[in-house]
Amino acid sequence: MEKTNSTTGHPKGLYLLFATEMWERFSYYGMRAIFTLYMIKALVMDKALSSALYGDYTGLVYLTPLIGGFVADRYWGNRKSIIFGGILMAIGQFFMFMSALNYSNAGFATSMMFIGLAFLIVGNGFFKPNISTMVGSLYKEGDTRVDSAFTIFYMGINAGALLAPLVCGGLGDTGNAADFKWGFLSACIGMVISLYLFITLKNKYIITPDGKAIGESPKKVEQTTDSEASSSFKQSTIMLWSVVFVVLFFLFKGYFNFDYVFSLICDCCIVFPGLILSDSSLTKVERSRIWVIYIIAFFVIFFWMAFEQAGASLTFFAEEQTDRTLFSWTVPASYFQTINPVAIVVLAPLFALMWTKLGKKNREPASPLKQAIGLFLLSVGYIVICLAVKNLAPGVRVSMFVLFSLYFIHTMGELCLSPIGLSMVVKLAPARYASLLMGVWFLSTAFANKLAGDLSAFYPENVHKELKADANDFRFYASTTDSSGKAVEIEKLIHADSNYIKQGAGKLPVWKVELASDHAEKKPELAGFAKFASNFKSDPLISALSGSKPDSVMKISLVTNNTPVVDSFLLKQALLETKRSYTAISEDGKFLFVLKEEERKNKPIIAMEKWNLNPEKPTVAGFKIEGLYEFFMLFVGISGVSSILLFFMSKTLLKMMHGLR
C-alpha cells in the first residue's frame, strides 16, 4: 500500500469532530459522575442496587452501537445517525433533570430516571460508532496521519471527561439533594452544544480530501462496484443467526446463570461477529481484515477489564490504603480520577507527533504491535502498585505517588491502544460495514466493563457487608449476660437504664443478634425494637471507638471472656464505613451488626446491616487472593500474558491486514 502524507497539518474537519465529541463526552461523563450519588443521596437507594443499575447502564451504552452502526451502514448514513442519536441523548439528559427536579416524589422521579436512561442508551448507540468512523474518512487511504488524527480526536474525548466532573459534579453534588438537577441540566446543555456545532458546521468541514460530503449516504450506497452495492444477508442466514441468538441467550441465562445484561452482551459478542462473516459478498482480503479486528478486540477486553479498575478497586485503594494528606488538606479519593484525563490531554499531542514522525521515517509500529505495547504498559503500572503493597504492615498507607505513577503509566498504555484501535477499525473495515464493525469494537468494551465489575468484587476486604434490611423486613432476638453470668431477658435489656451499663463497665457485655427467622418465638414488637435500638446509644463500644488510642479500643471492646475476638483495626474500619451508628458484635465475634437511622420517603426508619469481620478469601482460577498484593498481581498476569501473546501474533496479524498497518 502506497503511503501518502501532507505537511499542511490536519483537516479542519478533525477539529470540528474533536469539539463535537468533547461536548458529547462532557455530557456523558458529567451525568455518570453524579449518577450513583443521585440514586443513593436523593432517591435513597442502597449501594448494591445503585451499583447494579450503574453497571447495567454502562454495559448497555457500549452494546447499542451495534444497532446504530447497522442502521447507519445500511439506511441512514453517519450524519443522520449522529444527529438522531444526539437528539435522543439531549432528551435523555432532560429527563434526568426532570427526575432530579422531582426527587422528593420517589416514584415519579425513578420513572423519569429510567426513561432518561433509555434515551441515553439508545442515543449513544447511534452517536458513538458513527462519529468515530468519520474521522478516518477525512483522509485518503494510506495517509500516515490517520493514527495521529485519532490520537488528537481521543484527546477531545478526555478533555470532555476532565471538564465534566468539575462542572456537573460541582453543580450537582453539593450535599443538598435538590442540587442534583443542576448537574443533569449542565450535562443536557453540553449535549445541545455538541449538536449545534455539528449541525451548523458539518457541511463546511466534514468533507473528504476531494471535497465530497462525508456520511451523507449509507455506506451500502457509496460502494463503487455492483457486487459490493448489492451485498446483503440471505433471509435464511438471518433466521439461522436469530435462532442462535435465542438459544445462546437462554443458555447463558438459564445454564450459566448470568444476569440479563451480561447474557445479552455475551450473546451479541458471538452472534453479530458471526453474522457479518456470513456475508457471502465479502472478499478473501475483507474477511481476513475483519478477523484481525475480532482478534484484537478480544485482547482489548483484557486491557479494559484491568484498566477500568480505576472506577472500582483502585478507588477503594485510594480511600483506604493511600496517604492522601497534602500539606494540611486531605485529597478526596475521587480526585485521583482526574489524573488520567489530564495526562491524556498533556500526552496525546506528544504521541500524535511521535506517530507522525515515525511514519515519515517508515518506522512507525503496526497497530497490533502498538496495542501489545499498551497492554505491556498496563502490566507495568500494576507492578508499581504490587511493589508498594508487598509486605505492607497493617494500617500503613502508601504514598500518593504510587497511584499517580500507576495512572500515568496506564495513560501511556491507553494512548497506545484505544485511539489506535479506533483508527485500525476504520482502516480495516469494509466501507459498507464501517459503523457496524465499530459497534462490534465497542462491544468488547461493554464485555470488559462487566468483567471489570465482577473482578473488582474480589478486592480483599477486611470486612464485608453481607446483608442490609430495614425495620419492615426483620425483627431482632437479643440476649446477653450480666456481670454474675446470669442470663438477662430481652425485655429487661430493652428497659435497662444507664446504671446497667455502668455496672458492667468492667466487663463488656456479649451481644447476640440474629434474624427473627432463627428465633421465631422471640419477636419483640416494633415498639420494643425501637427501645432496643435506643439502648444502643449508650453502648460502651461506641465510646471506645471514639477514642484516639487503639490500645483502649482493644482493652474495652475487643475482648470477650478474656479472649480477643477480632482485630482492632478491622472492627474500627467497619464502624467507620457505617458512620458508627448503633452496634453489636455477634457472640462468636465473627459478625458485626449495625443499626442505623435513615430517612426513606421523608420518613425516619431504622435499618440494619450485617458485616462479616473475617470474610473468606476469594479464589480466582485456583489463585487465592490473600491480600492486596495477590489481587493486583492478578492484573499483572492478565495484562502481561495478553501483551506477550499479542506481541508474538503481531507479524501474523500484519500479514492478515494485507498491506495496511
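Residues numbered from 1 in each chain as written. Predicted model: local features only at pLDDT ≥ 70, side-chain atom pairs only at ≥ 80, totals over all residues. Heavy atoms only, no water.

A. Seen up close, the overall build of the protein chain. Looking only at helices and strands, one finds 23 helices and 15 strands in the protein chain. Going through the 661 residues of the protein chain one by one, you find that 53% of them count as buried. Here the contacts in the protein chain between residues at least 6 apart in sequence split such that 77% fall between residues at least 24 apart. (Helix = DSSP H or I, 4+ residues; strand = E, 2+ residues; numbered from the N terminus. Buried < 20%, exposed > 50% of the residue type's maximum accessible area, 1.4 Å probe, protein only. Contact = heavy atoms within 4.5 Å.)

B. Focus on the packing of aromatic side chains. Counted according to the given criterion, the structure contains 33 aromatic pairs. Centroid distance Phe303 to Phe307: 5.5 Å. Interplanar angle 15 degrees. Geometry classified as stacked. One end of the pair, Phe303, and the other, Phe307, are both in helix H11 (residues 284–307), four residues apart, so they sit about a helical turn from each other. Neither residue differs from the other here; Phe303 and Phe307 are each classed as buried. Grouping aromatic residues by their ring pairs yields a cluster made of Phe252, Tyr255, Phe256, Phe258, Phe262 and Phe447. Taking NZ or CZ as reference, Lys253 lies 4.7 Å from the ring centre of Tyr260, over its face. A cation over a ring is seen here: Lys370 above Trp355, with NZ or CZ 4.1 Å from the ring centre. (Phe/Tyr/Trp six-rings, centres within 6.5 Å; stacked < 30°, edge-to-face > 60°. Lys NZ or Arg CZ within 6 Å of the ring centre and 35° of its normal.)

C. Looking closely at the nonpolar core. Residues Met113, Tyr382, Trp441 and Phe632 are the most contacted members of the largest nonpolar core, which totals 151 residues. Setting aside residues up to four positions removed in sequence, Phe632 forms contacts with Leu314, Phe317, Tyr382, Ile385, Cys386 and Tyr459. (Core = buried A, V, L, I, M, F, W, Y, C linked by side-chain atoms within 4.5 Å.)

D. Molecular detail of the confidence of the model for the protein chain. Here the protein chain averages 74 in pLDDT, while 72% of its residues score no lower than 70. Throughout residues 223–231 the model reports pLDDT below 50, and contacts reaching past four residues in sequence, or to other chains, amount to 13 contacts. Counting interchain partners and residues more than four positions distant, the pLDDT-below-50 stretch residues 472–481 has 44 contacts. (pLDDT = per-residue confidence, 0-100.)

E. Fine view of the environment of Arg79. Note on placement: Arg79 falls in helix H4 (residues 78–101). Accessibility expressed as a relative area gives 4% for Arg79, which makes it buried. Put simply, Arg79 and Ile206 are 127 residues apart on the chain and 9.5 Å apart in space, counted from C-alpha to C-alpha. Discounting residues that sit within four places of it in the chain, Arg79 has contacts with Met134, Phe198, Lys202, Asn203, Ile206, Ala213, Ile214, Gly215 and Glu216. Among the polar contacts listed, one links the side chain of Arg79 to the side chain of Asn203, at a separation of 2.7 Å. (Polar contact = N/O pair within 3.5 Å; in protein donor to acceptor, adjacent residues only side chain to side chain.)

F. Inspection of the pattern of salt bridges at higher detail. Scanning the model with the defined rule gives three salt bridges in all. For Arg25, the salt bridge is made with Glu24, and the minimal N-O distance between the two is 2.7 Å. (Salt bridge = Lys/Arg side-chain N within 4 Å of Asp/Glu carboxyl O.)

G. Geometry of the environment of Tyr629. Assignment of secondary structure puts Tyr629 in helix H23 (residues 628–656). As for Tyr629 and Leu392, which are separated by 237 residues in sequence, their C-alpha atoms are 9.0 Å apart.

H. Looking closely at the packing of H4 against helix H7 (residues 180–205). Contact geometry of H4 with H7 gives a least axis separation of 8 Å together with a crossing angle of 165 degrees. The orientation of H4 with respect to H7, classified from their angle, is roughly antiparallel. By crossing handedness, the relation of H4 to H7 is classed as left-handed. Residues belonging to the contact of H4 with H7 are distributed by class as follows: 20 nonpolar, three polar and three charged. (Axes fitted to C-alpha atoms, helices over the stretch in contact; angles between N-to-C directions. Parallel < 35°, antiparallel > 145°, perpendicular 65-115°, else oblique. Left-handed = near helix turned anticlockwise from the far one by under 90°. Nonpolar A, V, L, I, M, F, W, Y, C, P; charged D, E, K, R; others polar.)

I. Local environment of a nonpolar patch on the surface. On the surface, a nonpolar cluster with roughly 340 Å² of combined accessible area is contributed by Leu251, Tyr255 and Phe256. Counting through the fold element by element, Tyr255 comes out in helix H9 (residues 235–255). Assessed through its relative accessible area of 65%, Tyr255 is described here as exposed. (Patch = residues over 30% accessible without salt bridge, like charges linked within 9 Å, V, L, I, M, F, W, Y side chains within 5 Å. Areas by Shrake-Rupley, 256 points an atom, 1.4 Å probe, with all protein chains shown as cover.)

J. View of the packing of helix H14 (residues 367–389) against helix H15 (residues 400–428). The contact between H14 and H15 brings their axes to 8 Å, and the two run at 165 degrees. By the criterion of interaxial angle, the relationship of H14 to H15 is roughly antiparallel. Regarding H14 and H15, the two cross each other, and that crossing is left-handed. Partitioning the contact of H14 with H15 into residue classes produces 18 nonpolar, eight polar and two charged.

K. Here's a closer look at empty space enclosed by the protein. Tallying each qualifying case throughout the model produces two cavities of 30 Å³ or more. Forming the boundary of the second largest cavity are Ser27, Tyr28, Tyr57, Val61, Met89, Gln93, Leu120 and Asn124. Those elements giving two or more residues to the lining of the second largest cavity turn out to be helix H1 (12–41), helix H2 (47–61), H4 and helix H5 (106–137). Residues belonging to the lining of the second largest cavity are distributed by class as follows: five nonpolar, three polar and no charged. (1 Å grid on protein atoms, 1.4 Å probe; cavity = no way out; pocket = protein on both sides within 12 Å on 5 of 7 lines; lining within 4 Å. Points joined across faces, edges and corners; volume = space filled by probe spheres on them.)

L. Quick peek at H23. Its 29 residues place the ends of H23 41 Å apart at the C-alpha level, agreeing with the 42 Å of an ideal helix rising 1.5 Å per residue. By the largest-angle criterion, Ser650 marks the main kink of H23, which is about 50 degrees. Note on H23: the residue one or two positions beyond its end, His658, has a positive phi of about 55 degrees. (Expected span 1.5 Å × (residues − 1). Bend = angle between axes of the 7 residues up to and from the residue.)

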